[in-house]
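Inside the fold
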Protein chains: 2
Amino acid sequence: MPDIMGRHRAILNEAHCQTCSLSSLCLPLALELEHMDQFDSIIRRRAPLKKGEPLFRQGDVFTSVFAVRSGSLKQVTTEGNGSDQLTNFYLPSELVGLDGINEATYPGSIIALETTTVCEIPFDRLDLLSEQLPELRGQLYRSMSKELREDRRMMRLLSRKTADQRLASFLITLSERFRRRGYSPYSFRLSMSRADIGNYLGLAVETVSRILSRFQSQKVVAVSGREVNVLDMPALIALSEEEEQELNSP
Amino acid sequence: MPDIMGRHRAILNEAHCQTCSLSSLCLPLALELEHMDQFDSIIRRRAPLKKGEPLFRQGDVFTSVFAVRSGSLKQVTTEGNGSDQLTNFYLPSELVGLDGINEATYPGSIIALETTTVCEIPFDRLDLLSEQLPELRGQLYRSMSKELREDRRMMRLLSRKTADQRLASFLITLSERFRRRGYSPYSFRLSMSRADIGNYLGLAVETVSRILSRFQSQKVVAVSGREVNVLDMPALIALSEEEEQELNSP
DNA sequence: CGAACTTTTGAGTCGAGTCAATCTTGGTGG
DNA sequence: CCACCAAGATTGACTCGACTCAAAAGTTCG
């Protein structure tokens, strides 16, 4: 009985920004308590997504952005012909759907990589609230700006880096994101398949697999299925930077 | 005398959003006249930049975004070691500096590719004004969202496309951007060097040059130095799409 | 417990990079 | 105004990293 009560309370707590453990990383991060109430009131809670389920599909009408509460998702864009491009992974506290604001529809599908819960934030209401709350508006601008910045980093990765550097960078970025969220930066589980990683990094699955094996034989990481242990972070960082390409400086 | 008067008036006219020929493409696009006055009043005009001059440098303190009035610019990011990455070209009506909002500094240098004029928009004042003008706020969100979307397209290009497809896509995108601005989509001048194009597309200069020569011999385009004539747009589009890579679909 | 999917490993090929040499062009100073 | 020089662009020869194809080994889940 007390157990059930306890769990029940925990779920209710989780369900509000004021008590959410992610609030220091998420959109309402800059808001005072009273304003957070207002923000919280426009949020819609959603039933958890199961692995493989879409949060929305490419072409769906844009209505909301979403904050990831737990789990993880991938963004996949399908071109006219059947080829897919995986353009992003989303972890807890990150905002999904910002690239849909511009046109009426979402430019890619968002698929859960594991059991995942999100907070839905209807954009028209968010926009209105951002009129009254400069901190919220600023945070929204910052979130988009940050994503722009990360995109530029990804472009550099794709146009300059070797397969080894890409994998190393990918593992470091993941590690860093886990660390910021309070998890171990040295030991984590990949929620995405090798195929997803390859698609995201512009590499063939075989290449991803081969390079992970090599990293393992170099004692830089230990990989077992989707379990990753970073054994030598400095070496991994060195791998992500070494032998920088020249390629005609402007 | 009337000539001078006329030119004088022309310059003054150009210098305000209300009479700027780009206003239908630029940030104040959605504003009514009275609101445009308010917007116009926060803009700072700048002396034209000469070719090669920076609008600002990587690491400079973020204060403003800029709208391109005439000419063109490139964004260049320098990594710890000396290697540069060209992440964007900016044409008239486009907004420069949005990726600086997030942190205190600009993540890359912006360099004029030719004689270029810009409108400076101090961000703190823009933010305040966006509180009062929902249309302005919406347009700002849309601009950032659009840039996110374009970044995703660029990532696909860099991770999936062959050198031929990249060059063809690049030419098509430029052509489209000129068309939207009222210039010929079939005949235009590249303001950037081959090295810039290569750096942007993740290709060696030699590859850019070779492929342009080949396109020329295939009678798809006629290239003479920086002058480009698109002879067969359908063929160019076909080149940008053909033989789509598979590379592990998620 | 087995079918389907995912991952790993091996062998062979090719697109695009590097290096090198030549040709053009645009800007500068005489 | 033109000649010159440095920077930019082109073309060729060679190399190599990552892809494709193929097959085996491991994992997941009904």
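As the structure is a prediction and not an experimental result, all values here were calculated from the model.

A few points about the protein's contact with DNA strand C
What surrounds DNA strand C is a group of 16 residues, the closest being A:Ser209, A:Arg210, A:Ser213, B:Ala163 and B:Thr207. When the atoms of DNA strand C within 4 Å of the protein are sorted by group, sugar and phosphate make up 61%. Between a phosphate oxygen of DNA strand C and a side-chain N or O atom of A:Ser209, the distance comes to 2.6 Å. Taking B:Arg210, its side chain carries an N or O atom lying 3.2 Å from a base oxygen of DNA strand C. Of all elements in the fold, only helix H6 (194-201) and helix H7 (205-217) of chain A together with helix H7 (205-217) of chain B reach the threshold of two or more residues within the surface near DNA strand C. Tallying contributions element by element places H7(A) first for the surface near DNA strand C, with four residues. Looking at side-chain class alone, the surface near DNA strand C contains four nonpolar, six polar and six charged residues.

A closer look at the sheet that holds strand S7 (residues 109-112) of chain B
All names here are of chain B. Overall, antiparallel pairing links the four strands, which are arranged S2-S7-S4-S5 in an open sheet. Whereas interior strands pair on both sides, the edge strands pair on one side only; in this sheet they are strand S2 (54-56) and strand S5 (84-90). The mean angle between the axes of side-by-side strands here comes to 30 degrees, regardless of whether they run parallel or antiparallel. Sheet topology places strand S4 (residues 73-78) next to S7; four bridges connect them, and they run antiparallel.

Let's talk about the relation of the copies chain B and chain A
Look at the two chain copies: a rotation about an axis and a shift along it is all it takes to match them. Screw-axis analysis of chain B against chain A gives a translation of 0.0 Å along the axis, an RMSD of 0.0 Å, and a rotation angle of 180 degrees. Taken together, the rotation angle and the small translation identify this as a two-fold axis. For chain B, the minimum C-alpha distance to the rotation axis belongs to B:Glu131 and amounts to 2.5 Å. With an isologous cut-off of 70% or more, the 100% of interface residues of chain B that recur at the interface of chain A puts this contact in the isologous class.

With respect to the UniProt feature "domain: HTH crp-type" (unreviewed entry) in chain A
According to UniProt, the positions carrying the feature "domain: HTH crp-type" (unreviewed entry) are residues 161-234 of chain A. Regarding residues 161-234 of chain A, the helix share stands at 55% and the strand share at 15%, and the terminal C-alpha atoms are separated by 18 Å.

Some remarks on the protein's contact with DNA strand D
As a structural note, the neighbourhood of DNA strand D is formed by 16 residues, with A:Ala163, A:Thr207, B:Ser209, B:Arg210 and B:Ser213 the closest of them. When the atoms of DNA strand D within 4 Å of the protein are sorted by group, sugar and phosphate make up 62%. In the model, a phosphate oxygen of DNA strand D is placed 2.7 Å from a nitrogen or oxygen of the A:Ala163 main chain. Contacts to DNA strand D include A:Thr207, whose side-chain N or O atom sits 2.3 Å from a phosphate oxygen. Mapped by element, the contributors of at least two residues to the surface near DNA strand D are H7 of chain A together with helix H6 (194-201) and H7 of chain B. It is H7(B) that contributes the most residues to the surface near DNA strand D, four residues altogether. Taken together, the residues of the surface near DNA strand D sort by class into four nonpolar, six polar and six charged.

Quick word on the confidence of the model for chain A
Close inspection of predicted coordinates is inappropriate for parts of the model with low pLDDT. Scored by pLDDT, chain A comes out at a mean of 90, with 91% of its residues at no less than 70. Per-residue pLDDT stays below 50 along residues 1-13 of chain A; that stretch engages in two contacts with residues further than four places along the chain or on separate chains.

Details of the domain arrangement of chain A
All names here are of chain A. On domain assignment, one finds that chain A holds domain 1 (4-146) and domain 2 (161-248). Put simply, the middle of domain 1 and the middle of domain 2, counted by C-alpha atoms, are 26 Å apart. Contacts between the two partners involve 18 residues from domain 1, matched on the other side by twelve residues from domain 2. For the pair domain 1 and domain 2, the two sides together bury roughly 1300 Å², of which 52% comes from carbon and sulfur.

A short note on the side chain of B:Ser240
Residue and element names in this part refer to chain B. By the element assignment, Ser-240 lies in helix H8 (residues 233-241). Its relative accessible area of 6% is what places Ser-240 among the buried residues. At 2.8 Å, the side chain of Ser-240 and the backbone oxygen of Ile-237 are in polar contact. For Ser-240, the contacting residues outside a window of four places in its chain are Lys-161, Gln-165, Ala-168, Ser-169 and Ile-172.

Observations concerning the packing of helix H3 (residues 123-132) of chain A against helix H4 (residues 134-160) of chain B
Where H3(A) contacts H4(B), the two axes come as close as 11 Å, and the packing angle between them is 120 degrees. It follows that H3(A) is oblique to H4(B) by the angle criterion. For the crossing formed where H3(A) meets H4(B), the hand is right-handed. Residues A:Phe123, A:Asp127, A:Ser130 and A:Glu131 of H3(A) form the contact with H4(B), whose own contacting residues are B:Pro134, B:Arg137 and B:Tyr141. Of the residues belonging to the contact of H3(A) with H4(B), the class tally is three nonpolar, one polar and three charged.

What about the interface of chain B and chain A?
Taken residue by residue, the interface counts 61 residues in chain B and 61 residues in chain A. Inspection of the region where chain B meets chain A yields 14 salt bridges. For B:Arg156, the salt bridge goes to A:Glu79, with nearest N and O atoms at 3.5 Å. At the junction of chain B and chain A, the tally comes to 42 residue pairs in polar contact (both at pLDDT 80 or more). Listed by contribution, the elements that provide at least two residues to the side of chain B that touches chain A are S4, S5, helix H3 (123-132), H4 and H6 of chain B. A total of 19 residues in the side of chain B that touches chain A trace back to one element, the largest contributor, which is H4(B).

Some details on a negative patch on the surface
Negative charge collects at one region of the surface, where A:Glu32, A:Glu34, A:Asp37 and A:Glu135 lie side by side. Take A:Glu135: it is sitting in helix H4 (residues 134-160).

Procedures and definitions
- Counting restarts for each chain: residues are numbered from 1 in the order of the written sequence.
- Written order decides the labels, with chains lettered from A and ligands numbered from 1.
- Only residues with pLDDT of 70 or above have their local features reported here, since the model is predicted, and side-chain atom pairs are shown and tallied only from 80 upward, although totals for entire chains, interfaces and linings are computed over all residues.
- Processing note: side-chain calculations cover all non-hydrogen atoms of the structure and skip hydrogens and water entirely.
- Here a residue counts as near a molecule or strand whenever at least one of its heavy atoms sits within 4 Å of it.
- For this analysis, a polar contact is any N or O atom pair within 3.5 Å, provided that within protein one partner can donate a hydrogen and the other can accept it, and provided that sequence-adjacent residues contribute only side-chain to side-chain pairs.
- A run of DSSP states H or I qualifies as a helix once it reaches four residues; a run of E qualifies as a strand once it reaches two. Both are numbered from the N-terminal end.
- Here the nonpolar group is Ala, Val, Leu, Ile, Met, Phe, Trp, Tyr, Cys and Pro; Asp, Glu, Lys and Arg are the charged ones; every other residue, Gly included, is treated as polar.
- For two strands to be treated as a pair, DSSP must find at least two bridges joining them.
- For helices, the fitted line uses only the C-alpha atoms of the stretch in contact; every axis is such a line through C-alpha atoms, and the angle between N-to-C directions lies from 0 to 180 degrees.
- Overlaid copies result from least-squares superposition on C-alpha atoms, with residues included only where pLDDT is at least 70 in both.
- Residue contacts are defined here by distance: any two heavy atoms, one from each residue, within 4.5 Å place the two residues in contact.
- UniProt positions are given in the numbering used here, feature names are shortened, and annotations may be inferred rather than shown by experiment.
- For every residue, the predictor assigns a confidence score, pLDDT, that lies between 0 and 100.
- Bear in mind that the domain bounds are from an automatic or database domain assignment.
- The term buried area means the drop in 1.4 Å probe accessible area that two parts suffer when joined, counted for both and summed.
- Buried means the residue's accessible area, taken with a 1.4 Å probe over protein chains only, is under 20% of the maximum for its type, while exposed means over 50%, and partly exposed covers the values in between.
- Any angle that is under 35 degrees is reported as roughly parallel, and any over 145 degrees as roughly antiparallel; angles of 65 to 115 degrees are reported as roughly perpendicular and all others as oblique.
- A crossing counts as left-handed when the near helix is turned anticlockwise from the far one by less than a right angle, and as right-handed when that turn is clockwise.
- Put simply, a salt bridge is a Lys or Arg side-chain nitrogen that is within 4 Å of an Asp or Glu carboxyl oxygen.
- What goes into a patch is any residue over 30% in relative accessible area without a salt bridge, connected to like charges within 9 Å or, for nonpolar side chains (Val, Leu, Ile, Met, Phe, Trp, Tyr), within 5 Å.
- The Shrake-Rupley method, run with a 1.4 Å probe, gives the accessible areas here. Residue values count only the displayed protein chains as cover.
- When charges are tallied, Lys and Arg are placed among the positive residues and Asp and Glu among the negative ones, while His and the ends of the chain are skipped.
- Here the site of a charge means NZ on Lys, CZ on Arg, CG on Asp, or CD on Glu.

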